[in-house]
Amino acid sequence: RDYDKKIRPLHIQAEEARVREFTVLSAFKGWTQEGLGELSEVTRDKRFSIGETVCKEGDDTFMGHFMMMIRKGTVEKWKKMPGGGEILLGLLEPGDTIDLRHVVKGEPIAYTGLCSSIVDVMFTSSHEILPPKDSQKKPVIDRATLDALLDREKVVPEGKELVDFARNQERWKQYREQYMSS
């Protein structure tokens, strides 16, 4: 009885809030309320603290089996450099997915994600996005939407491209320091 009176309304409010958040994301524009509701039903929320690791480069573990989309906050993308050290590739913000290529293509996680603020994410099991081929289950995200989400993600540089990216970052840093000291 208490569940129906106190807890169920909270679950309904949380799902309605998720549906509203999905509707403002360009990848989900044009989706029906029914489709968004189905996605919301299989999506859960998680909060990460400042400095907490959201994903770790090279991992193929628990977090990699979920599509994660940032609701609030900012995540720094860090990449290990060949020969040692790390470089900041950029920031992930609300609406960005966290290494969706890992979920869709089965590749190892491409970077380490560190929270630079309190971060709220929505996560959906990879089995809901890409059900096993022998299953009769329909995916909750259609291929066109999945492709749109993948297109939004920036490709993470590797090898020579990563070294060139780091050199360019260093040049910009020197230029900024010189400009600011003038």
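## Notes on the packing of helix H1 (residues 2-23) against helix H2 (residues 33-41)
Between H1 and H2, whose axes approach to 9 Å, the crossing angle comes to 120°. Judged by the angle between their axes, H1 and H2 are oblique. Taken as a pair, H1 and H2 cross one another with a handedness that is right-handed. Facing H1, whose interface residues are Glu-15, Arg-18, Val-19, Phe-22 and Thr-23, H2 presents Gln-33, Leu-36, Gly-37, Leu-39, Ser-40 and Glu-41. For the contact of H1 with H2, the class distribution of residues is four nonpolar, four polar and three charged.

## A word on the packing of aromatic side chains
Applying the stated criterion to the full structure yields one aromatic pair. A ring pair is formed by Phe-66 and Phe-123, whose centres lie 5.2 Å apart and whose planes are at 90°; its orientation type is edge-to-face. One end of the pair, Phe-66, is in strand S3 (residues 66-72); the other, Phe-123, is in strand S7 (residues 119-125), and 57 residues separate them in sequence. The ring centre of Phe-48 lies 4.9 Å from the NZ or CZ of Lys-46, which sits over that ring. A cation over an aromatic ring shows up here: Lys-77 above the ring of Tyr-111, its NZ or CZ 4.9 Å from the ring centre.

## Concerning the environment of Ala-14
Along the chain, Ala-14 turns up in helix H1. On the basis of relative accessible area, Ala-14 is assigned to the partly exposed category, the value being 29%. It is 23 Å that separates the C-alpha atoms of Ala-14 and His-65, two residues lying 51 residues apart in sequence.

## Brief notes about the nonpolar core
Soluble globular proteins tend to bury their nonpolar side chains together. Counting residues in each nonpolar core, the largest one holds 22 residues, and the members touching the most others are Val-54, Met-68, Ile-70, Ile-98, Tyr-111, Val-119 and Val-121. Those elements giving two or more residues to this core turn out to be strand S2 (53-55), S3, strand S5 (86-92), S7 and helix H6 (159-181). Not counting residues up to four positions away in its chain, the partners in contact with Val-121 are Arg-44, Asp-45, Lys-46, Phe-48, Met-68, Met-69, Ile-70, Arg-71 and Ile-98. Leu-36, Met-67, Val-104 and Val-140 belong to the second-largest nonpolar core, a separate cluster that totals 20 residues.

The rules behind each value
Residues numbered from 1 in each chain as written. Predicted model: local features only at pLDDT ≥ 70, side-chain atom pairs only at ≥ 80, totals over all residues. Heavy atoms only, no water. Axes fitted to C-alpha atoms, helices over the stretch in contact; angles between N-to-C directions. Helix = DSSP H or I, 4+ residues; strand = E, 2+ residues; numbered from the N terminus. Parallel < 35°, antiparallel > 145°, perpendicular 65-115°, else oblique. Left-handed = near helix turned anticlockwise from the far one by under 90°. Contact = heavy atoms within 4.5 Å. Nonpolar A, V, L, I, M, F, W, Y, C, P; charged D, E, K, R; others polar. Phe/Tyr/Trp six-rings, centres within 6.5 Å; stacked < 30°, edge-to-face > 60°. Lys NZ or Arg CZ within 6 Å of the ring centre and 35° of its normal. Buried < 20%, exposed > 50% of the residue type's maximum accessible area, 1.4 Å probe, protein only. Core = buried A, V, L, I, M, F, W, Y, C linked by side-chain atoms within 4.5 Å.

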